[in-house]
Amino acid sequence: MKEFIITLIKGNSVDIIGIFALFLLGRMILISVVKRLVKIVDDGDDSHVSQKEKRAQTLGDIIVTTGNIVIYVVILLMVLSLFDIDIRPILAGAGVIGLAIGFGAQSLVKDFVSGLFILVENQYGIGDMVKISSFEGEVIRITMRSTVLRNEEGKTYYISNGLIKDVTNMSQAKNTQ
């Protein structure tokens, strides 16, 4: 096994360095673009974080997470091709599996789309005090799938975005008075 790895490294050292360089470059570009986008929204006031800044940071986190997944999958496929593994059947199989999962995961898609609209419409952001259905608390995390609230007693609520019908945002009400 050790000889196989040494032979693989010797025979593909340029490709390995290229893959590693692409990985680093992709991560650097992704993070710098997101930081720049968040900085564009920043008004420069460190004492007060605006709704726009919260929303930009939340969207930035989601973009980085999604970008990381794409980068890791591409790097994995490149590494597999170094081992002379034909990736075309893997890609075709992933497409078929993705289609099957898409039909079976309609609620997941609903959660994702609802989460996107929550963020784009700026219904609430991290740190806001909100009431969603019978749950009330501070938003501590928003993902494309769910919203996490923590109430004053320390209880944590995980709410699927697809189930969110009505939202009362007490933080936005304070800012408009």
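These numbers come from a predicted model, not from an experiment.

## Here we look at the overall build of the protein chain
On a plain count of helices and strands, the protein chain comes out with 6 helices and 5 strands. Counting helices and strands in the order they occur from the N terminus, the protein chain gives α-α-α-α-α-β-β-β-β-β-α. For the protein chain, whose C-alpha radius of gyration is 22 Å, the value lies well above the compact-globule estimate of 16 Å for 177 residues. Counting every position in the protein chain, which comprises 177 residues, the buried fraction comes to 27%. A fraction of 52% describes how many contacts in the protein chain between residues 6 or more apart in sequence connect residues 24 or more apart. For the protein chain, the exposed surface amounts to about 12,100 Å²; the carbon and sulfur share of it is 65%.

## A short note on helix H2 (residues 13-41)
End to end, H2 covers 42 Å across 29 residues, agreeing with the expected 42 Å (1.5 Å per residue, within 8%). When H2 is considered as a whole, its buried residues turn out to be Ile19, Leu30, Val34 and Val38.

## A word on unusual backbone geometry
Positioned with a positive phi, Asn122 is a non-glycine residue whose angle comes to about 55°. For Asn122, the location among the structural elements is in the loop between helix H5 (106-120) and strand S1 (129-132). For Asn122, a relative accessible area of 18% corresponds to the buried category.

## Here we look at the pairing of strand S4 (residues 156-160)
Where strand S3 (residues 146-150) meets S4, 5 bridges bridge the pair, whose relative direction is antiparallel. Residue Val148 lies in a different strand from S4, and its bridge partner there is Tyr158. Counting the residues in the hairpin turn of S3 and S4 gives 5 residues, including Gly154, whose phi is positive at 95°.

## Points about the pattern of salt bridges
Scanning all chains against the criterion turns up 3 salt bridges. Here Asp111 ties to Arg145 by a salt bridge, and the two come within 2.1 Å at their closest N and O atoms. Of this pair, Asp111 sits in helix H5 while Arg145 sits in the loop between strand S2 (135-142) and S3, and the two are 34 residues apart along the sequence. Assessed through its relative accessible area of 5%, Asp111 is described here as buried.

## Describing the environment of Met129
Note on placement: Met129 falls in strand S1. Classification of Met129 by relative accessible area gives partly exposed; the value is 25%. Sequence separation of Met129 and Met170 is 41 residues, and the distance between their C-alpha atoms is 5.4 Å. When near neighbours in sequence (up to four residues on either side) are disregarded, Met129 contacts Gly137, Glu138, Thr168, Asn169, Met170 and Ser171.

## What about the packing of aromatic side chains?
Under the defined criterion, the tally for this structure stands at 2 aromatic pairs. Taking 4.8 Å as the distance between ring centres and 45° as the angle between the ring planes, the aromatic pair formed by Phe135 and Tyr157 counts as tilted. Here the residue Phe135 occupies a position in strand S2, and Tyr157 occupies one in strand S4, the gap between them amounting to 22 residues. According to the relative accessible area criterion, Tyr157 is partly exposed, its value standing at 22%.

## Examining the environment of Met1
With respect to the helices, strands and loops of the structure, Met1 is situated in the segment before helix H1 (2-11). Residue Met1 is classed as exposed on the basis of its relative accessible area of 76%. The spacing of Met1 and Leu82 is 81 residues in sequence and 16 Å in space, taken between C-alpha atoms.

## Concerning the sheet that holds S1
With antiparallel pairing, 5 strands are arranged side by side in an open sheet as S4-S3-S2-S1-S5. The open sheet is flanked by S4 and strand S5 (167-169), the only strands paired with a single partner. Each neighbouring strand pair of the sheet contributes to a mean axis angle of 40°, computed without reference to strand direction. Pairing between S1 and S5: 3 bridges, direction antiparallel. Within S5, the position partnered with Lys131 by the bridge is Thr168.

Cut-offs applied
- Residues numbered from 1 in each chain as written.
- Predicted model: local features only at pLDDT ≥ 70, side-chain atom pairs only at ≥ 80, totals over all residues.
- Heavy atoms only, no water.
- Helix = DSSP H or I, 4+ residues; strand = E, 2+ residues; numbered from the N terminus.
- Rg over C-alpha atoms; globule rule 2.2 N^0.38 Å.
- Buried < 20%, exposed > 50% of the residue type's maximum accessible area, 1.4 Å probe, protein only.
- Contact = heavy atoms within 4.5 Å.
- Areas by Shrake-Rupley, 256 points an atom, 1.4 Å probe, with all protein chains shown as cover.
- Expected span 1.5 Å × (residues − 1).
- Pairing = 2+ DSSP bridges.
- Salt bridge = Lys/Arg side-chain N within 4 Å of Asp/Glu carboxyl O.
- Phe/Tyr/Trp six-rings, centres within 6.5 Å; stacked < 30°, edge-to-face > 60°.
- Axes fitted to C-alpha atoms, helices over the stretch in contact; angles between N-to-C directions.

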